[in-house]
Amino acid sequence: MSVIDAYENLQIVRGTVEADGTKKPGAKWGYKVTKTGTGEYTITFNNDFSETPSVVATLDGDDWKLLDNAHVTGATIERVTVRTGNSNGEPADRPFHFIAMG
């Protein structure tokens, strides 16, 4: 039984990444994570998307200020980069959730 009813055939990859770049237990299949620098994480999909996916990311947890952030950059059919930062606009390691769909 499928819970998603869509006008197109969709591939969905989702997960939660810890500040140190490890996968948080739960939704952790379908991708690999590489922490490439302070506040910078590359998510590589196990299976390429047929076209560039739409990707969203948001911080995980309650200990962050409103200006702390997570940004999605450089999405391709193979991978995406998520950058996180602190309330001063500087790169900072932060845990985050993401969903890639396409």
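To be clear, the structure that these remarks concern was listed above.
Everything quoted here is computed from the prediction, not taken from an experiment.

1. Some thoughts on the packing of aromatic side chains
Step number 1: All chains considered together, the criterion is met by 3 aromatic pairs.
Step number 2: Here the aromatic rings of Tyr31 and Phe98 are separated by 4.9 Å at their centres, their planes lie at 90°, and the arrangement is edge-to-face. With Tyr31 in strand 2 (residues 31-37) and Phe98 in strand 7 (residues 96-101), this pair connects stretches of sequence that are 67 residues apart.
Step number 3: Overall, the relative accessible area of 2% leaves Phe98 in the buried class.
Step number 4: Sitting above the plane of the Tyr31 ring, Lys23 keeps its charged end 4.5 Å from the centroid.

2. What to know about the nonpolar core
Step number 1: Within the largest apolar cluster, 14 residues are counted, with the highest numbers of intra-cluster contacts made by Val17, Tyr31, Ile43, Phe45, Phe96 and Phe98.
Step number 2: Secondary-structure elements contributing two or more residues to this core are strand 1 (12-17), strand 2, strand 3 (40-45), strand 6 (79-85) and strand 7.
Step number 3: Setting aside anything within four residues of it in sequence, one finds Ile43 in contact with Tyr31, Lys32, Val33, Glu78, Arg79, Val80, Val82, Phe96 and Phe98.

3. Things to note about the pairing of strand 5 (residues 69-73)
Step number 1: When strand 5 meets strand 6, the two strands line up antiparallel, connected through 5 bridges. Within strand 6, the position partnered with His71 by the bridge is Arg83.
Step number 2: Where strand 5 folds back onto strand 6 in an antiparallel hairpin, the turn is made up of 5 residues, including Gly74, whose phi is positive at roughly 60°.

4. As for the pairing of strand 2
Step number 1: Pairing of strand 2 with strand 3 involves 6 bridges; the strand directions are antiparallel. When the bridges of strand 3 are listed, Gly37 appears paired with Glu40.
Step number 2: Remark: 2 residues form the turn of the hairpin made by strand 2 and strand 3, two consecutive strands paired antiparallel; Gly39 in that turn has positive phi of roughly 70°.

Each value, and the rule that gives it
- Residues numbered from 1 in each chain as written.
- Predicted model: local features only at pLDDT ≥ 70, side-chain atom pairs only at ≥ 80, totals over all residues.
- Heavy atoms only, no water.
- Phe/Tyr/Trp six-rings, centres within 6.5 Å; stacked < 30°, edge-to-face > 60°.
- Helix = DSSP H or I, 4+ residues; strand = E, 2+ residues; numbered from the N terminus.
- Buried < 20%, exposed > 50% of the residue type's maximum accessible area, 1.4 Å probe, protein only.
- Lys NZ or Arg CZ within 6 Å of the ring centre and 35° of its normal.
- Core = buried A, V, L, I, M, F, W, Y, C linked by side-chain atoms within 4.5 Å.
- Contact = heavy atoms within 4.5 Å.
- Pairing = 2+ DSSP bridges.

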